[in-house]
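Here's the letter readout for the chains.
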Amino acid sequence: MSAKLLRQKYMRKFARMDKYPMRVAVLIVLAYVAQILGAVGAGAYLLALDYSWVTSILAFALMVFIGTRFRGLNNIIHECSHATFTIDRSQNTLIGKICAALVFSSFSDYRDEHLTHHAHLGDYDHDQDLQGIQDLKLHEALSWRVILRHLVTPFIGGHLPYYLNVNFSARDGRLSLLLKRLLLTAIAVSVLLFPATTLLFVVVPFTLFYSTLNYWADCLDHAGIVSSDDGLDASRNILAPHPIRYLFFPRNDCFHLVHHLFPHVPARHLETSHRVLEMDEIYSARPNAVHAKRRRAGWTAPGSVAAE
């Protein structure tokens, strides 16, 4: 299989890539929290202004932005589940549990389910990640009808039973459960004191935009190809321009094929690894790996990188 050949060829080359020291990892988490709080504050300011179409557009943009920042925290949970975010495994677990509490999830449950996704990609009997969303039919071959269905599903709330999973179990420990309860209490009090701000810039971004982005990301990552027998053909890279990556694919989430091939590679090095793999004939020939323009240029072109 092509995926196995690539792993054998590049595993040692991609081994022991550096991870964040704990202090940097904490600052990254705090930066996402600060972006959320800052955007909520900006939303409160907009609501205090006279209503206009400009303030409406800005408010909507803030709601989407906050949803993307929740997704950034979710992607840190993902990195921690692979122990690739920070240096020590126990530190990854600690940060993962904190971030999971911030989005009302369970790090332990997520880690256990997600590792089956890597071990049994596309196998609904064992891939617990995809097993939970089997009814959304990510395995169905892509057609205009299927693509339209994936686009429309969030607008009618069809994804919510699968992606709006609030977890108040104590599996991550009592402190994690306490943090979740404190956050929920703070949100409830904020709804009473600042109903419009809290509903528009906390509740709606979390329940609607964050869940929608997670669903669409799964579609972009795997829809129509997840049933492939070769791991090289079962995931996609989405090589969008950097501003789009920052907003909608935080933490290099756009290099999903690279991640599935080499899950031990820290997210900060996924783009670098992709650029190395671009020079490989097997990898660069895949439409789910590189842009069509890159493939036409030829895999042996010196210094070639993914088109932006």
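Above this text is the structure in question.
Residues numbered from 1 in each chain as written. Predicted model: local features only at pLDDT ≥ 70, side-chain atom pairs only at ≥ 80, totals over all residues. Heavy atoms only, no water.

Asker: Explanation requested: the nonpolar core in the structure shown.
Answerer: For soluble globular proteins, the rule of thumb is that nonpolar side chains tend to be buried together. Counting residues in hydrophobic clusters, the biggest one holds 32 residues, and the most contacted among them are I76, F85 and I95. Elements that contribute at least two residues to this core include exactly α2 (22–48), α3 (53–81), α4 (89–102), α5 (107–119) and α10 (195–222). Ranked by the residues each element gives to this core, the list is headed by α3, at 10 residues. Beyond its immediate chain neighbours, meaning those up to four positions away, I95 contacts M22, A25, V29, I76, C80, F85 and T86. (Core = buried A, V, L, I, M, F, W, Y, C linked by side-chain atoms within 4.5 Å. Buried < 20%, exposed > 50% of the residue type's maximum accessible area, 1.4 Å probe, protein only. Helix = DSSP H or I, 4+ residues; strand = E, 2+ residues; numbered from the N terminus. Contact = heavy atoms within 4.5 Å.)

Asker: I would appreciate a short explanation of the packing of helix α9 (residues 174–193) against α10 in the present structure.
Answerer: Between two packed helices, what matters for the description is the angle formed by their axes and the separation of those axes. Direction vectors running N to C along α9 and α10 enclose 135°, while the axes themselves pass 5 Å from each other. Overall, the two elements α9 and α10 adopt an arrangement that is oblique. The residues of α10 that touch α9, namely those facing I187, S190, V191, L192 and L193, are P195, T198, V202 and V203. (Axes fitted to C-alpha atoms, helices over the stretch in contact; angles between N-to-C directions. Parallel < 35°, antiparallel > 145°, perpendicular 65-115°, else oblique.)

Asker: How should I be thinking about the packing of aromatic side chains in this particular structure?
Answerer: Describing an aromatic ring pair means giving the distance of the ring centres and the angle of the ring planes. Per the counting criterion, the structure on display carries 11 aromatic pairs. Taken together, a centroid distance of 5.6 Å and an interplanar angle of 75° make the contact between F60 and F209 edge-to-face. Here the residue F60 occupies a position in helix α3, and F209 occupies one in helix α10, the gap between them amounting to 149 residues. Under the relative-accessibility criterion, F60 is labelled partly exposed at 47%. Ring centres of F104 and F206 lie 6.0 Å apart, and the angle between their planes is 85°; this geometry places the pair in the edge-to-face category. (Phe/Tyr/Trp six-rings, centres within 6.5 Å; stacked < 30°, edge-to-face > 60°.)

Asker: Would you mind showing me how to read the layout of surface pockets here?
Answerer: Unfilled space is identified by rolling a water-sized probe across the atoms. Computed from the structure, the largest pocket encloses a volume of approximately 850 Å³. For the lining of the largest pocket, the elements supplying multiple residues, two or more each, are α3, α5, α6 (128–131), α8 (160–163) and α10. With seven residues, the single largest contributor to the lining of the largest pocket is α10. Each pocket or cavity is described by its volume, and for the second largest pocket that value is around 560 Å³. (1 Å grid on protein atoms, 1.4 Å probe; cavity = no way out; pocket = protein on both sides within 12 Å on 5 of 7 lines; lining within 4 Å. Points joined across faces, edges and corners; volume = space filled by probe spheres on them.)

Asker: Whenever I open this one, the side chain of N167 confuses me. Can you help?
Answerer: Looking at the secondary structure, you find N167 in the loop between α8 and α9. Not counting residues within four places of it along the chain, the set of residues in contact with N167 comprises F104, S105, S106, D109 and K180.

Asker: For this particular structure, what's the right way to read the pattern of salt bridges?
Answerer: Note on pairing: side chains with opposite charge can pair once their charged atoms come close. Summed over all chains, the structure comprises 12 salt bridges. Close ionic contact of R286 with D233 constitutes a salt bridge, the shortest N to O distance being 2.6 Å. Of this pair, R286 sits in the loop between α14 (281–284) and α15 (292–297) while D233 sits in the loop between α10 and α11 (242–248), and the two are 53 residues apart along the sequence. Of the residues examined, D233 reaches a relative accessible area of 24% and is grouped as partly exposed. Between E271 and R245 there is a salt bridge; the shortest N-O distance is 3.2 Å. In this pair, E271 is assigned in helix α13 (residues 270–277) and R245 in helix α11, connecting sequence segments 26 residues apart. Beyond isolated ion pairs, a larger network of salt bridges with shared partners links D109, D112 and R171. (Salt bridge = Lys/Arg side-chain N within 4 Å of Asp/Glu carboxyl O.)

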